[in-house]
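Below are the chains, spelled out letter by letter.
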Amino acid sequence: MLVKFRLENYKSFDREQSISFKAGASRNHTDHVVDVKGTKILRMAAIFGANASGKSNLIQAMRASQMKILHNIGISPGDYCRMIPGNDKKPTSFEYIIEIEGTFYSYGFEILLSSGEVKTEWMKNLSDKSQNAFIFFRDENKIEPGIKLTKDEEKYFFVYSNEVMQDRTKLFLNALSRMPDLGTGKLALSKKIFFWFVSSLRIILAGEPSGFKSEAKVEFTGKVIQRYGTGVSGMRYEQISRE
């Protein structure tokens, strides 16, 4: 479950901005909230604002970072916030806070878009209250584990960290996703987090097929849109001729 997404220096976003799905203090609509070990998370949220206020750029940031995580696809060098002089020399940052099986994790990276070079990358267990809850942390010089590794995990950690430090445009999480199943080692958490981006984060940009064609989903979506005071009274699909 997505809890929070944070970005900085991407398109119209200069300083750090975020969208959070943590519920506020209101006790209304309790059926719209999921309680995860005392943390209340919204089942859905809506972003609204004037034209050109950055709504689409936020979603595009999620898509761009997801494609980087899953496939190491480069983010356009010109997608830094151009409104501020000098931002081309500053890294662009993305961070996800997610919940998997009752545990909260943070994963993020900073990348200099002009070169594609990853400057920092981190994965952290936020439910671990110890002083060092990092699973790994990467800077420009090295990648270090924050957990005790088994001998087999040490071998793969060494191999994959060397690989991405030789090609600094690659993400370490993507490399770790190729690690075989080694049993109960803690580094397996990285694969669990990687596959959250594969199976649980679905991003639909404007104009793309949504897949929401079942009657129940169409009816539900129509009711949601109506309740936000958009002036839309309902939603339906119709098959039309191209002629």
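For the structure, check the block above.
Since we're looking at a predicted model, the values are computed, not measured.

A. Representation of the overall build of the protein within the structure. Scanning the protein from N- to C-terminus turns up five helices and nine strands. Overall, the protein shows an N-to-C arrangement of helices and strands of β-β-β-β-α-β-β-β-β-β-α-α-α-α. With respect to the three principal axes, the spread of C-alpha positions in the protein is 60 × 45 × 40 Å. Within the protein, buried positions represent 38% of all 243 residues. In the protein, the proportion of contacts linking residues at least 24 apart, taken out of those at least 6 apart, comes to 51%. Carbon together with sulfur atoms contributes 51% to the accessible area of the protein, which is approximately 14,800 Å² in total. Distance from the positive charge centre (36 side chains) to the negative charge centre (28 side chains) of the protein: 3 Å.

B. Structural detail: helix α5 (residues 215-227). Between its first and last C-alpha atoms α5 spans 19 Å; for 13 residues at 1.5 Å apiece the expected length is 18 Å, and the two agree. All buried positions along α5 are accounted for by V218, G222 and V224. All buried residues of α5 fall inside an arc of 165° around its axis, so they share one side. Among the exposed residues of α5, those pointing more than 90 degrees away from its buried face are A216 and R227.

C. Up close: the sheet that holds strand β1 (residues 2-8). A sheet is described by the order of its strands in space; here seven strands give the open sequence β2-β1-β5-β6-β7-β8-β9, paired in antiparallel fashion. One side of each edge strand has no neighbouring strand; the edge strands of this open sheet are β2 (17-20) and β9 (143-145). Across the sheet, the mean angle from the axis of one strand to that of its neighbour is 10°, orientation sign disregarded. The sheet contact formed by strand β7 (residues 117-125) and strand β8 (residues 134-138) spans four bridges and is antiparallel. In the strand pairing of β8, M123 is matched with F136. Against the sheet, helix α2 (residues 151-166) contacts β8 and β9, and its axis sits at roughly 155° relative to β9. Contacts from helix α4 (residues 188-199) reach β1, β5 (92-100), β6 (103-112), β7 and β8, with the element oriented near 100° to β5.

D. View of the environment of K40. Tracing the backbone through its elements, the reader meets K40 in strand β4 (residues 39-42). By relative accessible area, which is 43% here, K40 ends up partly exposed. For K40 and A23, which are 17 residues apart along the polypeptide, the C-alpha to C-alpha distance reads 5.5 Å. Apart from residues lying up to four places away in sequence, K40 is in contact with F21, K22, A23, V33, V34 and D35. Here the side chain of K40 touches D35 through a polar contact of 3.4 Å, side chain to side chain.

E. Layout of the side chain of Q66. Looking at the secondary structure, you find Q66 in helix α1 (residues 55-71). You can call Q66 buried: its relative accessible area is 5%. In terms of polar contacts, Q66 uses its side chain to reach the backbone carbonyl oxygen of L201, at 2.7 Å. In this structure Q66 touches Y96, F197, L201 and I203, once residues within four positions along its chain are discounted.

F. Just the pattern of salt bridges, in detail. Applying the stated rule across the entire model yields 11 salt bridges. We note a salt bridge from E16 to R6, for which the minimum N-O separation is 3.7 Å. Placement of E16 in the loop between β1 and β2 and of R6 in strand β1 is noted, with a sequence separation of 10 residues between them. A network of salt bridges, in which partner residues are shared, links R6, E16 and E95.

G. Local environment of the packing of aromatic side chains. In this structure the tally under the stated criterion is 13 aromatic pairs. Between the aromatic rings of F94 and F109, the centroid separation amounts to 5.5 Å while the plane-to-plane angle is 50°, which identifies the pairing as tilted. Within this pair, whereas F94 is found in strand β5, its partner F109 is found in strand β6, the two being separated by 15 residues in sequence. F109 carries the same exposure label as F94, and that label is buried.

The rules we used
- Every chain is numbered independently, its residues counted from 1 as its sequence is written.
- Note on the predicted model: pLDDT of at least 70 is required for a residue's local features to be given, and 80 or more for side-chain atom pairs to be given and counted; whole-chain, interface and lining totals, by contrast, use all residues.
- Calculated side-chain values reflect all of the structure's heavy atoms, with hydrogen atoms and water omitted.
- A helix here means a DSSP run of H or I that spans at least four residues, while a strand means a run of E at least two residues long, and both kinds are numbered starting from the N terminus.
- Partly exposed describes any residue whose relative accessible area lies between the buried limit of under 20% and the exposed limit of over 50%, with all areas from a 1.4 Å probe on protein chains only and scaled to the type maximum.
- Throughout, a contact is declared for two residues whenever any of their heavy atoms are within 4.5 Å.
- The protein chains shown are the only cover counted for residues, whose accessible areas, like all others here, come from Shrake-Rupley with a 1.4 Å probe.
- In this count, Lys and Arg are taken as positive residues and Asp and Glu as negative ones, while His and the chain termini are left out.
- Every charge is mapped onto a representative atom, which is NZ of Lys, CZ of Arg, CG of Asp or CD of Glu.
- Expected span of a helix, by definition, is 1.5 Å for each gap between consecutive residues, and there is one gap fewer than residues.
- Relevant arc is that of directions from the helix axis to the C-beta atoms, nothing else.
- Paired strands, in this sense, are two strands between which DSSP finds at least two bridges.
- Note on geometry: axes are lines fitted to C-alpha atoms, helical ones only across the stretch in contact, with angles between N-to-C directions running from 0 to 180 degrees.
- Polar contacts, as used here, are pairs of N or O atoms within 3.5 Å; protein pairs need one atom able to donate a hydrogen and one able to accept it. Residues neighboring in sequence count only if both atoms are side-chain atoms.
- Basic side-chain nitrogens of Lys or Arg form a salt bridge, by our definition, when they fall within 4 Å of a carboxyl oxygen of Asp or Glu.
- Aromatic rings from Phe, Tyr and Trp, taking only the six-membered ring of Trp, are treated as a pair when their centres fall within 6.5 Å; an angle between ring planes under 30 degrees marks them as stacked, one over 60 as edge-to-face, and anything in between as tilted.

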